[in-house]
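# Residue-level structural notes
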Amino acid sequence: MSDKELDLPVPDPGLEEHPPRFTDVDPAAADRSYRQIVAMLAAVPVLVIAFLVVYFAVPRDAELILFGSTFKMQTTLLGLTAGFATLLIGIAAIAWARSLMSDEEIVGERHGAASPPEARERVLADLEIGIDASAIRRRKLLGTGMAGALGMMLLPAVVSLADLGPWPTAEERAKTIEKTIWAEGVRLVTDVTNVPLKATDLVVGQLVNAQPENLEHLEDSAEYQIAKAKASIIVVRMDPNSIKIPESRRDWQVDGILCYSKICTHVGCPISLWEQQTHHLLCPCHQSTFDLGNSGVVVFGPAARSLPQLPITTDAQGYLVARGDFTVPVGPSFFERDSLKDFQEGDR
Amino acid sequence: MAKPAELNPDSPALEVKTPPTSRETSKLAGPVTWVDDRIGLAKLAGNIRKVFPDHWSFLLGEIALYSFIILLLTGVFLTIWFKPSMAEIEYAGSYALLRDVRMSEAFASTLNISFDIRGGLLVRQIHHWAAMLFVAAMTAHMLRVFFTGAFRKPRELNWIIGVGLFSMGLVEGFAGYSLPDDLLSGTGLRFVDGLIRSIPLIGTWAEFFVFGGEFPGTLIIPRLYMVHILLIPGLLLGLISAHMALLVYHKHTHWPGPGRTNRNIQGYPFFPIYVAKAGGFFFIVFGVTVLMGAVFQINPVWLYGPYNPSQVTAGSQPDWYMGFVEGAIRIMPNWEWHLGHTTWSWNVFLPGVGLMGLLFTGLALYPFIEAWITGDTSEHHLLDRPRNAPVRTGIGVAGMACYAMFWLAGGNDILATQFHVSLNAVTYFMRVAVFVVPVLAFIVTKRICLSLQRADKERVLHGSESNIIVRNPEGGFSEAHVPLSQEEAYTLTRHPQPKALVPNGVKVGRVRQTLSRWYADGQVPKPTAAEVAEAEHHGAIEGGEGDERVLEGSDSGDAH
């Protein structure tokens, strides 16, 4: 609404009178202000010298105890000296502007954002002249051709990005995100310490974070983190009488020892918050909760699919080993994933 | 609003002084001429006495700009030492607790910056604090612009640039947060991997292209590094320049007040006042972030340890500005379609990509939606007081409330443990709250705005309270009211009021008519000139000095 259309019940009194500041009328106040500003600026070199002294003289590992907290002395003192020096420059500049610079408000005019009509018409006319001069109107293919040619050049630019990563074709997926390094006979070893697990090592209610034994061989290769991000598992022992084991998974477990992927089916956090009494496993990232006593089905939270279970058995020496890879891809969903094979409540 | 102090007519400051007429040749003539001869400086510099209005709320955008500069300065220092490499090495630096632990070079160099480079930890902490402040200041600035209607014509394009800056600021922050390759940031990347994968049809391709194959691979940190220090800062710089150029071209908006109109701008000159004030403010923002870096620890990555895909900590959360996405992801019901041999992961896609898309699209379109509803096509340089645009203010507060609910949901585990409530109950509550709380917030805000409008009208017609209680001969008590200054009365009555669109020769669609009625609904009509005159007349004959009102029977009509 422009000012003209606006009804004004009270007429515009015009700009307010300019009241002088204290420092305008009292020379002593102005001098005081002046002295304060100069003092602030004079403190800056002092702080800078203190900064330099701290930089060269304070040892890296010295500590400072302030208000019951331990600080790294060097970091804190460097920051305090540099911080206050910077702050003082700012405060001095603003104090100068507020108390000593002329504070007469001035008024400027505004003009609409649009150019004056003549200017707009001139540009339009110039555009017309330019277009005529370019001969594009008579030889139309020039324009189409140029636009087409420029458009086509996007193709090489985009296509040259096709090597950003391998293409997730069905074959590639089968080798990568749909596969882990678990295989028949691979022993379950404890995470970090790599000790092979025996069935007798686990008591009812216990949860162990584990890895495949062959992960250690990858330690120096780039594959290590990739393999670990898929192969991490948890091994739990529950009382076989207190859990549901479907017919099809009878031989996936050893006396109530079950093994599940540790990677959440939601967005891939490693899960291991174990509620021993309820057999629930909670993801600390987004709180998806899985029932390990019921083939890993989701009982709460944003995850949509059961935790994949790894079929295990024991080898001749009594060590727990995998019976093969996971039967479904582990980790978060992806478009080409065939999720009809995942375990669902009621499956046998 | 500020009233002018009483003037002492004898004050020497009020003496009329004439500026010296014959100007001595400026001492700067030499250098200025030299440069001007070569690059036409006088034309380039334009009006260095350009007027900028003064108000605290105009500082918020400045904080964002200054924290960006601080980020550039501290970021350059960090690039000198940081190694964006995911090659695994054994740590051999001076932090004893992680010695001989295998970690990426990125993490090791972050430890190196924190423990072995003098001032390195300070600069890292300043950089992180400034990043938090950058996003926070942009958010606050955007809210200021929204609630005062400063996004209206002719500033819609600058608003869109601002939304671009805001969205890129989030991505930039996230990229930087991911670089140290510590346990927390790696968990964040794992989340992003799940988010990218969830995109229908192209998710797996996008994942393989972004990560150079499977998660985590060895390419993501170097790639994010390029994005963090080159691509997005470059875009931000370009957009910030455009944002500032348009600000200068449009001139700053100002608050309504005596003498202030859509055709003028009142304030202080850029040189020297704002050079000193804005320059000084830069140093204040810088000084405060340095002090924060000195005494407030942030992101102590050495306590988290290197990224390990088989580990995570309870209570893991992103930096604050990604909290709303985190919350949405947490409270989303587990909807997933399994069609044929495909998986449609709505439980991740909608709250992640969907919510961010909705936020940024909604923000970018708002100026056009509001203009369409109100049919307003004129230029606006005077700001709206939020109460005078009750529906807009209500929408804004509803948006904030919705954001706040999502954000709180991002800490549902913390809420559950701190307040000893069930985690599941918090989650269920939040699923409802993100829809219900914004509606309540809208209703409450609109009521508050209308009440404030009523209070304004009351003040204009009956004056302000004088804090003097008078006892009359009958024993009743009343408070004397003093009439407002013309300046204040003008300020309280000059605002335009939203009007419902009436099809007036032009065709107005039904939806638009309904929306426009809804937008204008409930406005307290401003006092008319006649009402103001009448109130003045009353005051003059009855109260003399002031208008008296009985305290009991508080209905405003009683006193007359």
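Residues numbered from 1 in each chain as written. Chains lettered and ligands numbered in written order. Predicted model: local features only at pLDDT ≥ 70, side-chain atom pairs only at ≥ 80, totals over all residues. Heavy atoms only, no water.

## What about the overall build of chain A?
A tally of helices and strands in chain A yields seven helices and 13 strands. For chain A, whose C-alpha radius of gyration is 37 Å, the value lies well above the compact-globule estimate of 20 Å for 348 residues. For chain A, the C-alpha atoms occupy an extent of roughly 100 × 80 × 55 Å along the three principal directions. Each of the 348 residues in chain A was classed as buried or not, and the buried ones make up 44%. Look at the contacts in chain A between residues 6 or more apart in sequence, and 58% of them connect residues 24 or more apart. Of the roughly 18200 Å² of accessible surface on chain A, 60% is carried by carbon and sulfur atoms. The centroid of the 31 positive side-chain charges in chain A is displaced by 6 Å from the centroid of its 45 negative side-chain charges. (Helix = DSSP H or I, 4+ residues; strand = E, 2+ residues; numbered from the N terminus. Rg over C-alpha atoms; globule rule 2.2 N^0.38 Å. Buried < 20%, exposed > 50% of the residue type's maximum accessible area, 1.4 Å probe, protein only. Contact = heavy atoms within 4.5 Å. Areas by Shrake-Rupley, 256 points an atom, 1.4 Å probe, with all protein chains shown as cover. Lys, Arg positive; Asp, Glu negative; His and termini not counted. Charge placed at Lys NZ, Arg CZ, Asp CG, Glu CD.)

## With respect to the pairing of strand β2 (residues 69-72) of chain A
Sheet faces and side chains relate simply in a regular strand, where the side chains alternate between the two faces. All names here are of chain A. Here four bridges tie strand β1 (residues 63-66) to β2, and the two strands are oriented antiparallel to one another. Considered in β2, the bridge of E63 is made with K72. Hairpin connection, β1 to β2: the antiparallel pair is bridged by two residues, and F67 has positive phi, about 50 degrees. (Pairing = 2+ DSSP bridges.)

## A look at the interface of chain B and chain A
Residue-level contacts link 127 residues of chain B with 110 residues of chain A. Taken over both partners, the interface formed by chain B and chain A buries close to 10000 Å², and the fraction arising from carbon and sulfur atoms is 62%. Looking only at chain B, the three residues that lose the most surface to chain A are R118, R197 and E214 of chain B, adding up to 8% of its buried area. A salt bridge links D220 of chain A to R102 of chain B; the shortest N-O distance between them is 3.3 Å. Scanning the region where chain B abuts chain A turns up 35 residue pairs in polar contact (both at pLDDT 80 or more). Looking at the side of chain B that touches chain A element by element, the count peaks at 16 residues for helix α10 (residues 270-295) of chain B. (Buried area = accessible area lost by both parts, 1.4 Å probe. Salt bridge = Lys/Arg side-chain N within 4 Å of Asp/Glu carboxyl O. Polar contact = N/O pair within 3.5 Å; in protein donor to acceptor, adjacent residues only side chain to side chain.)

## A few points about the pairing of strand β5 (residues 207-212) of chain A
All names here are of chain A. Buried residues dominate β5, accounting for five of its six residues. The pairing of strand β4 (residues 188-190) with β5 spans three bridges and is classified as antiparallel. Among the inter-strand pairings, T190 is bridged to a residue of β5, identified as A210.

## Looking at the side chain of H128 of chain B
Residue and element names in this part refer to chain B. Among the structural elements, H128 can be located in helix α5 (residues 120-147). H128 sits in the buried class, given a relative accessible area of 12%. Leaving out residues up to four positions away in the same chain, H128 has contacts with I298, N299 and D319.

## Some thoughts on the sheet that holds β5 of chain A
All names here are of chain A. Reading across the sheet, the four strands line up as β4-β5-β6-β7 and stay open at both edges, with antiparallel pairing between neighbours. Lying at the two open borders of the sheet, with one neighbouring strand each, are β4 and β7 (257-261). Ignoring which end each strand starts from, the neighbouring axes of this sheet average 40 degrees apart. Bridge analysis of strand β6 (residues 233-237) against β7 gives five bridges, and the strand direction is antiparallel. Across the sheet, the residue bridging to R237 is I257, located in β7. (Axes fitted to C-alpha atoms, helices over the stretch in contact; angles between N-to-C directions.)

## Quick look at the pattern of salt bridges
Once the charged atoms of two side chains with opposite charge are near each other, the side chains can pair. Counting across every chain of the model gives 28 salt bridges over all chains. Between R137 of chain A and E128 of chain A there is a salt bridge, with its nearest N and O atoms 3.3 Å apart. Assessed through its relative accessible area of 40%, R137 of chain A is described here as partly exposed. Here K446 of chain B makes a salt bridge to D521 of chain B, at a shortest N to O gap of 3.6 Å. Placement of K446 of chain B in helix α16 (residues 423-462) and of D521 of chain B in the loop between α18 (510-520) and α19 (529-543) is noted, with a sequence separation of 75 residues between them. In this structure D521 of chain B comes out as partly exposed when scored by relative accessible area, which is 46%. Where salt bridges share partners, they join R305, R337 and D342 of chain A together with E336 of chain B into one cluster.

## Quick look at a nonpolar patch on the surface
All names here are of chain B. Taken together, the side chains of L28, V32, I39, L41 and L44 make up a nonpolar region of the molecular surface, amounting to roughly 470 Å² of accessible area. Taken together, the elements giving at least two residues each to the nonpolar patch come down to α1 (29-39) and α2 (41-45). Here I39 is to be found in helix α1. (Patch = residues over 30% accessible without salt bridge, like charges linked within 9 Å, V, L, I, M, F, W, Y side chains within 5 Å.)

## Section: the state of the cysteines
A disulfide bridge is the covalent bond that connects two cysteines by way of their sulfur atoms. Considering all chains together, one arrives at one disulfide over all chains under this definition. C269 of chain A shares a disulfide with C285 of chain A; S-S distance 2.1 Å. Disulfide C269 of chain A-C285 of chain A: torsion about the S-S bond near -90 degrees, hence left-handed. Taken as a pair, C269 of chain A in the loop between β7 and β8 (273-275) and C285 of chain A in the loop between β9 (280-282) and β10 (289-291) lie far apart in primary sequence, 16 residues in all. Summarising the burial analysis for this pair, C269 of chain A and C285 of chain A share the class buried. Looking at C283 of chain A, it has no disulfide partner, and the nearest cysteine sulfur is the one in C264 of chain A, 4.1 Å off. We note that C449 of chain B lacks a disulfide partner, and the nearest cysteine sulfur, in C402 of chain B, lies 19 Å from it. (Disulfide = S-S within 2.5 Å.)

## Digging into the environment of S85 of chain B
Residue and element names in this part refer to chain B. When you line up the elements, S85 lands in the loop between α3 (59-81) and β2 (88-90). Assessed through its relative accessible area of 18%, S85 is described here as buried. Expressed as a C-alpha distance, the spacing of S85 and L219, which sit 134 residues apart in the sequence, is 8.0 Å. Only 3.0 Å separates the side chain of S85 from the backbone nitrogen of A87, close enough to count as a polar contact.

## Section: the domain arrangement of chain B
Size of an interface: often given as the accessible area lost when the parts come together. All names here are of chain B. As far as domains go, chain B holds domain 1 (53-309 + 316-384) and domain 2 (450-550). Here the C-alpha centroids of domain 1 and domain 2 sit 44 Å apart. Contact residues are listed per partner, giving 13 residues for domain 1 and ten residues for domain 2. Regarding the contact of domain 1 and domain 2, the summed buried area is about 1000 Å², with carbon and sulfur atoms giving 68% of it. Connecting domain 1 to domain 2 are zero salt bridges. Linking domain 1 to domain 2 there are two residue pairs in polar contact (both at pLDDT 80 or more). Residues belonging to the side of domain 1 that touches domain 2 are distributed by class as follows: seven nonpolar, four polar and two charged. (Domains from an automatic or database assignment. Nonpolar A, V, L, I, M, F, W, Y, C, P; charged D, E, K, R; others polar.)

## Comments concerning helix α2 (residues 27-57) of chain A
All names here are of chain A. When the terminal C-alpha atoms of α2 are compared, their 45 Å separation across 31 residues agrees well with the 45 Å that a helix rising 1.5 Å per residue should span. Of all the residues in α2, the buried ones are A29, A30, S33, I37, M40, V44 and V54. Each element contacted by the buried residues of α2 is listed here: α1 (22-25) and α3 (73-99). Capping of α2 at its N-terminal end is provided by D26; its side-chain oxygen lies 3.0 Å from the backbone amide nitrogen of A28. (Expected span 1.5 Å × (residues − 1).)

## So, the packing of α3 of chain A against α5 of chain B
Remark: α3 of chain A packs on α5 of chain B, axes separated minimally by 8 Å, with the N-to-C direction vectors making an angle of 60 degrees. With respect to their mutual orientation, α3 of chain A and α5 of chain B come out oblique. Crossing of α3 of chain A against α5 of chain B: the hand is right-handed. Contacts between α3 of chain A and α5 of chain B pair T75, L78 and G79 of chain A from the former with L121, L122 and Q125 of chain B from the latter. Considering only residue class, the contact of α3 of chain A with α5 of chain B consists of three nonpolar, three polar and no charged. (Parallel < 35°, antiparallel > 145°, perpendicular 65-115°, else oblique. Left-handed = near helix turned anticlockwise from the far one by under 90°.)

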